[in-house]
Amino acid sequence: MAEPRLAVRRKSRSSSERKRSRAPVQPVAASSPVARKRPSSVSEGSPAEALCSNDSEEDMFGDYDSFYGNDSLIAQVDDVEYKYLQDENMDVKAAGEVVLGNLQSGVHQKEQDNFSASQNVVVLKSDKEAACQMQDSDPADSNQKLTESILYDLPSSQLLYFEKIDELAAASRISPLSKGRDERVDSFSDKIRDPLSFYAAAEHRNRSIDSSSHSKCVLFKSESLKDHLKSAMTGNARAQTLQVSKTKQLKEAVLSEEIFVARKAIESSSLDIGPFYGLPSKVKDLFRQLRGIETLYEWQHDCLMLESLQQRKNLIYSLPTGGGKTLVAEIIILQELLCRQKDVLMILPYVAIVQEKVRGLSSFGIELGFLVEEYAGSKGRFPPIKRRVKKSLYIATIEKGHALVNSLIETERIDDLGLVVVDELHMLGAGSRGAVLEITLAKILYTSKKTQIIGMSATLNNVGDLQKFLQAEYYTNNFRPVELKEYIKIRDTIYAVDSKTENGFAFSHLLNFKYSSNLEKADPDHIIALVTEVIPKYSCLIFCPTKKNCENVASMVCKYLKKEFRAHKEKEKQDLIKNLKSIGNGAVCPVLKQTIPFGIAYHHSGLTNDERKSIEEAYSAGVLCLLACTATLAAGVNLPARRVILRAPYVGNDFLKKNQYKQMIGRAGRAGIDSAGESILIVQEKDKHLVQDLVHSPLENCYSNLLLELTKGIQSLLLSLVGLKIAVTREEVDNFMCCTLLGVQQQLLSKEKSLSEIIQDGLENLIEKGLLKGRISEKDHNSKSTLTITPLGKAAYKGSIDLAYCNILYQDLKKGLQGLVLESNLHLLYLSTPYDMTSTCSPDWMIYLRQFNQLSAAEQKVADIVGVPESFITKKASGQAVRKNVDNAVVNRFYLTFVLYSLLKETNVWSVSEKFNLSRGYVQNLLSSAASFASCLLHFCEELEEFWVYKALLTELTKQLTYCVKTELIPLMEVAGVLEARAKQLYNAGYKTLAHLANANPETLVRMIEHLSRRQAKQIISSAKMLLSEKAEALQEEVEELLKVPTDIPGTTD
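Everything quoted here is computed from the prediction, not taken from an experiment. (Residues numbered from 1 in each chain as written. Predicted model: local features only at pLDDT ≥ 70, side-chain atom pairs only at ≥ 80, totals over all residues. Heavy atoms only, no water.)

How would you sum up the overall build of the protein? Please name residues and give values.
Within the protein one finds 49 helices and 19 strands. Expressed as a percentage of the 1054 residues in the protein, the buried residues total 53%. Of all intrachain contacts in the protein linking residues separated by at least 6 positions in sequence, the fraction that spans at least 24 positions is 75%. For the protein, the exposed surface amounts to about 47900 Å²; the carbon and sulfur share of it is 50%. (Helix = DSSP H or I, 4+ residues; strand = E, 2+ residues; numbered from the N terminus. Buried < 20%, exposed > 50% of the residue type's maximum accessible area, 1.4 Å probe, protein only. Contact = heavy atoms within 4.5 Å. Areas by Shrake-Rupley, 256 points an atom, 1.4 Å probe, with all protein chains shown as cover.)

Got a sec to walk through the side chain of Ser407? Specific residues and values, please.
With respect to the helices and strands, Ser407 occurs in helix H17 (residues 398-410). Excluding anything up to four places from it in sequence, Ser407 contacts Phe382, Pro383 and Pro384.

Tell me about the sheet that holds strand E9 (residues 493-497), and please be specific about residues and values.
Strand order in the open sheet formed by eight strands is E10-E9-E8-E17-E14-E11-E13-E12, with mixed pairing between adjacent strands. Two strands lie at the open edges of the sheet, namely strand E10 (505-510) and strand E12 (600-603), each paired on one side alone. Across the sheet, the mean angle from the axis of one strand to that of its neighbour is 25 degrees, orientation sign disregarded. Examined bridge by bridge, strand E11 (residues 540-543) and strand E14 (residues 643-646) share four bridges and lie parallel to one another. (Pairing = 2+ DSSP bridges. Axes fitted to C-alpha atoms, helices over the stretch in contact; angles between N-to-C directions.)

Provide a residue-level description of the packing of helix H30 (residues 714-723) against helix H34 (residues 755-768), including the pertinent values.
Between H30 and H34, the least distance of the axes is 9 Å, while the angle of their chain directions is 70 degrees. Compared by their axis directions, H30 and H34 come out roughly perpendicular. Judged by residue contacts, Ile714, Gln715, Leu718 and Leu719 of H30 engage Ile758, Ile759, Gly762, Leu763, Asn765 and Leu766 from H34. (Parallel < 35°, antiparallel > 145°, perpendicular 65-115°, else oblique.)

Which residues make up unusual backbone geometry, and what values go with them?
Phe382 connects to Pro383 through a cis peptide bond whose omega is -10 degrees. One can find Pro383 in the loop between strand E3 (371-375) and strand E4 (392-396). The omega torsion of the bond from Ile535 to Pro536 falls at 0 degrees, within 30 degrees of zero and hence cis. Summarising the element assignment, Pro536 is placed in the loop between helix H21 (527-532) and E11.

Would you mind going over the sheet that holds strand E5 (residues 417-423) in detail, with residue names and values included?
Across the sheet, seven strands lie side by side as E3-E4-E2-E5-E6-E1-E7; this open sheet has parallel pairing. Sheet topology places E3 and strand E7 (472-476) at the edges, where each strand pairs with a single neighbour. Neighbour-to-neighbour, the strand axes of the sheet open up by a mean angle of 15 degrees, direction not taken into account. In this structure, strand E2 (residues 343-347) lies alongside E4, joined through four bridges in parallel fashion. Along E4, the bridge assignment pairs Met346 with Ile395.

Describe a nonpolar patch on the surface, listing the residues and the values that go with them.
A contiguous nonpolar surface patch, about 250 Å² in accessible area, is contributed by Tyr703, Leu748 and Leu749. Tracing the sequence through the fold places Tyr703 in the loop between helix H29 (688-696) and H30. For Tyr703, a relative accessible area of 33% puts it in the partly exposed group. (Patch = residues over 30% accessible without salt bridge, like charges linked within 9 Å, V, L, I, M, F, W, Y side chains within 5 Å. Salt bridge = Lys/Arg side-chain N within 4 Å of Asp/Glu carboxyl O.)

Summarise helix H12 (residues 281-291); cite the residues concerned and give the values.
Those residues of H12 that fall on the buried side of the exposure criterion are Ser281, Lys282, Val283, Lys284, Leu286 and Phe287. In the segment just after H12, Gly292 is the residue with positive phi, at about 75 degrees.

Could you give an account of the packing of helix H41 (residues 888-906) against helix H43 (residues 920-942), with specific residues and numbers?
It is the contact of H41 with H43, at a shortest axis distance of 10 Å, that shows an interaxial angle of 95 degrees. Considering their axes alone, H41 and H43 lie roughly perpendicular with respect to each other. Contacts between H41 and H43 involve Arg893, Leu896, Val899, Leu900 and Leu903 from the first element and Tyr922, Val923, Leu926, Leu927, Ala930 and Phe933 from the second. A breakdown of the residues in the contact of H41 with H43 according to their chemical character gives ten nonpolar, no polar and one charged. (Nonpolar A, V, L, I, M, F, W, Y, C, P; charged D, E, K, R; others polar.)

Describe the side chain of His426, naming the residues involved and giving the relevant values.
Relative to the helices and strands, His426 resides in the loop between E5 and helix H18 (431-447). Using a relative accessible area of 14% as the deciding quantity, one classes His426 as buried. A polar side-chain atom of His426 sits 2.7 Å from a polar atom in the side chain of Ser457. Apart from the residues within four sequence positions on either side, His426 is in contact with Ser457, Thr459, Leu460, Gln663 and Cys702. (Polar contact = N/O pair within 3.5 Å; in protein donor to acceptor, adjacent residues only side chain to side chain.)

Report on the environment of Leu997, specifying residues and quantitative values.
Positionally, Leu997 belongs in helix H47 (residues 994-998). On a C-alpha basis, the gap between Leu997 and Ser1023 in space is 9.1 Å, while along the polypeptide they are 26 residues apart. In this view, Leu997 contacts Leu972, Val975, Leu986, Tyr991, Ile1020, Ile1021 and Ala1024; residues no more than four positions away in its chain are not counted.

Any chance you could break down the packing of aromatic side chains for me, citing the residues and the numbers?
The final tally for this structure, using the stated rule, is 23 aromatic pairs. Look at Phe287 and Phe364: their rings are 4.9 Å apart centre to centre, the planes differ by 50 degrees, and that puts the pair in the tilted class. With Phe287 in helix H12 and Phe364 in helix H16 (residues 351-368), the pair connects residues that are 77 residues apart, well separated along the chain. Each member of the pair, Phe287 as well as Phe364, is classed as buried. A cation over an aromatic ring shows up here: Arg642 above the ring of Tyr538, its NZ or CZ 4.1 Å from the ring centre. Looking at Lys992, its charged tip hangs above the ring of Tyr987, at a distance of 5.0 Å from the centre. (Phe/Tyr/Trp six-rings, centres within 6.5 Å; stacked < 30°, edge-to-face > 60°. Lys NZ or Arg CZ within 6 Å of the ring centre and 35° of its normal.)

Now the structure itself:
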């Protein structure tokens, strides 16, 4: 799509050329910045530096060599002025009127022409009123050209001249013309400070100015126009240059104009949607600068031009992994934020992906004037702050997205949400998380007819059901930027996957790699032969069934690799090991220490967040060429490879599903790097038939999980429907349930019971638990009796508490009030330990006893209060039989509390994991889950007055659990993507606050911080700027709310 290129008017001729030729500047034709390219004197070869140049680096006077040079502007003005002042019969007042009228029309012409021109215009004004000039033949034309030349070429610092003029004119009569010009200058300055204010002004820009309303200027012979110019320019030379760059002002103004035009185009449903899909051309420039994206794929263009999107219909689109789905979603998001001025919610499956997306889009937010807010783990405000001017992009996990939607419905602000984008839409079929996603989308569909829903996925099959549920159009394409070649390996033979053959496989080739007898025993699946065909020149991923298998494969491969592999990027590998050592406070995993010198590492949930991030960055940079990983990498961060090897068709003990298989092989092939990608599935003879079915079967269907997940599914939904007053009678509840995916699939999923019976059972269960009140009649579904929520029920849905644990939690908190031990935070930590992790906990009883004996007397009292007697632990540790009836769930939960207690004291995952003989990843996951649960607990307690004492305590504890670092590092770790190791580096380098980071120089940051790329530095700075902007906006909103005059003041009348 053709797009106007922006150019800044800058003369680049040499001094001698300027003196030889001094042609007047031609008037620029009126033109929309969206429609045409603006004439510019920047040469074709001039790079983008001209656009980014700062005024402080420019000659203050532009082209003018001196005040007195024969070819200078002063000389031209002097000559023309002298010529016309020779006419003694000339009416001085008339002359003044002509010139000043032309000056004014020149300004108006510039405003009509282009925002970019208007930002460089400076209105010339005289204190005693300037001398005027006319030509015999065509005075108007001559004055027009001269005036435009003066107006266009004067520097922005000429604004200082106006202040002097105002002071001098205060003693004498100020003409209406001068006053009008002053107002325009002031208005112009305000617009520079707030480019968004151009929106309102843009509609009035073309109104003509009634020059008859201005009085005639007074011409003073004592001082000529030349003298005024000399005086002003001399003052400018002495004055400090304005801090705001003209180039920056120019860009902001053009951006504002283009957003205005794009918005108008969308409102009028015009086919002319602007330079870049209804967005300003700056958006295209940002994609080029920040992502390296020059052009869109054909399918992306087709999708963005779909009539359903233009009509704001809901849309589901599906493409293979790596096809570029996210870019389309981001363009639609920017359209909503900038053109339609509505908030947007983007729902992503995992915390790591949320943080990655926050980092990636913060730069766009800074440049385009919207906020990016993170809703993951314990982060996020409920309800979100209602912004006055800037719109917000909420990037959330599934659970936080649901809580956000609930808060918007409760505060009647759901219509502020213009768009909801769901990545990995197939997650609707993924257990309890799928149930929460279904509930979220169903509520949006039912409560807001103005909110558009966009869903995308690489693995969708029963699209018809999803279309019916979301009331959406469907777009699909098989495009992949890189061809994918699928193979399977049985013994030493490679077969190509080919659906045209009888058994689905076609012979490709035999492995050509000589194995010794020892190597054959160590590597019976020929993994070394497969990986050495591509590494170290290209990258490779090996997906393994278990975490232990990942580590074993990585160790085995590097044992049999030649020493030449160590020489590839040797220094960078040593730097990576040093970085991992600093993360572990001197400790580094022995497996990684062994494998990294060969460019190999493992990647699974047993790594800490810091370790995982370092390994991902090293792989992306080409320092690591082989990762042995679990299936979670396929669903998580985007790490493509030339070749993908599936170690076995299993995930854990379960046979591979088609959706999982597609996601894994989808990582093969890197756009712009590889001409093709390869996937090889290693198969044992016994699994051959199962694999034949796998590779040729359709994708699994996506089914509602509301029934399978009772407490997190249908019961949770029914409770929040009543609590939010979405549906408070049985009839309303029935109507809502018909709008869910369960309602669409009810005949498939609920054969034993009808949907009506399922609803009846759910409501009765909630009333029995004391979460709802009211009578429901199974016989009379049209009953108008109203259901109401109890305080406990309200606390449960506001805190997003799993209803399976709701009553236990209430009892634990109630019991805690009777004797809350505050000598340390052990008791509070026990109450914040997640219930759902106790089933996976197997205490080491000797460690348990050791930790128990280190407690103070007051802390041991906590164990008695919660129900963990010392005698029980002692007998367990000594292997004696235990007759006392003790709740194992409580015992396990208290053991996990010990882990959290040690973490908060030591703030080191490595040492704590060794102390309790747990994997680092498990300890990290426990910490993240506890932080999230503490946040939920806080919202739960806020709804129940009897638990007022917990509010302040839990606020601080949530913060400690979220960051688990020394207090001074917390401000830095609030920035998306800055983890503990990076925060320590930044703090030690002198970046101690958010403001330090927001105002940092990327080049300095790269120089001072080890293992930090320029791209990462820019992302950190953008994220810090965004967070700072968000906090400032929040404070500003609070101030305005405090100062707002109430409309219902007693004693006042309308």
